[in-house]
Amino acid sequence: MQDILQTLLNDENISDAANFFSRKKEFLIYGLSGSQKISAFAAIFSKNPQPTIIVTENREKIFDWQNDLSQLLPETEILELPELDLIKIQADITGLERRAQRLKIFTKLLRGENLIVLATPAAVAKKDFSRKNFLNHNIKIEVNQNLNRDDLIKNLTDFDYERADDVSPGKFSVRGGIVDIFPINWNNPFRVEFFDDTVESIRKLDAETLRSKKNFKYLVVLPVTEIENKNFEPVTTCADAVIFDEPARIKDTLDALAKEDAEIKKNIFTFDQLIKFSRGRSLIYLQLMLKKISSAELEKIFAVNAVNVASFQGQEDFFISEIENLLEVGRKIFILATTDKKLAEIKILLKDFAEKIIFEVGSLSDGFIFPAANLAVITEKNIFGSQNARRKIKFTG
């Protein structure tokens with residue numbers, strides 16, 4: 001798919017947008033939808049990868065983004081930011097797992113990893129992050145550290161860890177000079193062994209067998225519950241780039257949540273606040289139509305022209321005629337199919353043009369044509385009316 005992204009950059013507007021993306025600018029791209037929009041963003045990102053959060057309307061849209069991005073940017077880690085309860089209640093095990101996933105994503109973004117995080121408006125607007133607290137409010141345990149075992153137990157209790165016989169996320173156990181901890185910010189428990197008041201070793205354990213997997217020089221433990229704080233920042237401040245996909249819909253979603261319950265309103269940022277906090281980094285708005293965006297301070301507007309590919313529904317003559325037309329006007333044609341077998345079937349159908357077409361195993365939600373890039377991408381779905389279902393990839397933190 002890398003060739004598709006490189007070809008997309010032949011569109012002057014997409015290429016210029018990629019330069020803006022690398023220079024921390026605030027700008028709008030309009031005129032695209034579906035796979036057109038996702039592919040254009042992937043081309044921009046491929047030229048200058050950076051820690052990025054994409055905010056989109058709902059989880060259905062997240063799935064569309066994830067499926068296409070996983071094909072276009074296979075080497076890039078793509079994660080979903082889980083939603084938390086917007087009304088404060090006692091966290092159950094699912095809430096703890098989601099909080100743990102969020103903490104891991106915060107860590108990856110702050111470390112500067114070039115990943116893409118997909119988020120709904122509710123997930124990104126939740127007030128549960130403070131850079132100061134995140135970086136400073138933790139327990140750090142180091143090998144050879146002078147640390148009293150009982151002081152560590154007290155610190156864990158203060159962080160709302162529960163003492164138990166068996167460790168699971170948010171719990172710890174004590175046996176003599178051994179403290180097993182399952183930090184909320186890890187997928188595995190750890191064993192801290194003491195010799196008198198000195199940390200002798202820190203070992204990562206298998207979550208099922210509790211057998212030692214790896215020695216660590218230090219361990220950072222984050223609190224189980226949210227820290228009381230009046231100075232929260234949106235999670236978007238962790239990233240170097242923030243993308244708002246159809247911002248009017250995001251604003252409408254957040255406005256509706258705020259009207260739903262006074263407690264929810266208190267626990268989420270408004271759309272305008274998200275924009276304000278996100279400035280100082282690459283900030284892109286993606287819209288199909290050109291219309292005003294609340295609180296936006298646009299430095300540039302890019303109009304990108306693309307059209308969908310026709311649905312041929314297995315009509316061979318119609319399909320071959322369209323291929324001839326595209327080649328006649330100089331389009332670079334990519335044909336995607338989900339299997340080698342299906343690709344071979346299409347090659348036979350297009351045997352008279354095979355040398356002029358690029359065939360790849362892969363899938364996108366839909367095909368498209370970008371005239372300014374001289375690019376046409378046609379999918380198995382466009383040709384036959386359907387394609388093999390793409391494997392749903394589980395989101396992890």
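Scroll up to find the structure this text is about.
Chemist: How should the overall build of the chain be read in this particular structure?
Modeler: Along the chain, the regular secondary structure elements total 14 helices and 20 strands. The dimensions of the chain, computed from C-alpha atoms along their principal axes, are 80 × 45 × 35 Å. Counting every position in the chain, which comprises 397 residues, the buried fraction comes to 49%. A separation of at least 24 residues holds for 71% of the contacts in the chain among residues at least 6 apart in sequence. A total of about 19,000 Å² of accessible surface is found on the chain, and carbon and sulfur atoms cover 45% of it.

Chemist: I tried to follow a nonpolar patch on the surface on my own but got confused; where do I start?
Modeler: Nonpolar side chains collect at one region of the surface, where Leu290, Leu298 and Ile301 lie side by side and expose about 250 Å² of accessible area between them. When you line up the elements, Leu290 lands in the loop between β14 (282–287) and β15 (300–303). Classification of Leu290 as partly exposed rests on a relative accessible area of 48%.

Chemist: What's the story with the packing of helix α9 (residues 247–260) against helix α11 (residues 271–278) in this structure? I'm lost.
Modeler: Between two packed helices, the angle of one axis relative to the other and the distance separating the axes together describe the packing. The N-to-C vectors of α9 and α11 enclose an angle of 125 degrees; their axes lie 9 Å apart at closest approach. Considering their axes alone, α9 and α11 lie oblique with respect to each other. On α11, the residues that touch Pro247, Ile250, Lys251 and Leu254 of α9 are Phe271, Asp272 and Leu274.

Chemist: Where do I start with the sheet that holds strand β1 (residues 26–30) in this structure?
Modeler: Strand-to-strand pairing in sheets goes through backbone hydrogen bonds, with the strands running parallel or antiparallel. What the 7 strands build is an open sheet, ordered β3-β4-β2-β13-β14-β1-β15; its pairing is parallel. Here the strands that pair on one side only, and so sit at the sheet edges, are β3 (78–80) and β15. Put simply, the sheet's adjacent strands are angled 20 degrees from each other on average, direction ignored. Note that β1 and β14 share 5 bridges and pair parallel. Bridging from a neighbouring strand, Glu26 pairs with Leu283 of β14. Sitting on the sheet, helix α2 (residues 12–22) is in contact with β1, β2 (52–55), β13 (241–245), β14 and β15, with an inclination near 150 degrees to β15. Strands β1, β13 and β14 of the sheet are contacted by α11, whose axis makes an angle of about 150 degrees with β13.

Cut-off values and rules
Residues numbered from 1 in each chain as written. Predicted model: local features only at pLDDT ≥ 70, side-chain atom pairs only at ≥ 80, totals over all residues. Heavy atoms only, no water. Helix = DSSP H or I, 4+ residues; strand = E, 2+ residues; numbered from the N terminus. Buried < 20%, exposed > 50% of the residue type's maximum accessible area, 1.4 Å probe, protein only. Contact = heavy atoms within 4.5 Å. Areas by Shrake-Rupley, 256 points an atom, 1.4 Å probe, with all protein chains shown as cover. Patch = residues over 30% accessible without salt bridge, like charges linked within 9 Å, V, L, I, M, F, W, Y side chains within 5 Å. Salt bridge = Lys/Arg side-chain N within 4 Å of Asp/Glu carboxyl O. Axes fitted to C-alpha atoms, helices over the stretch in contact; angles between N-to-C directions. Parallel < 35°, antiparallel > 145°, perpendicular 65-115°, else oblique. Pairing = 2+ DSSP bridges.

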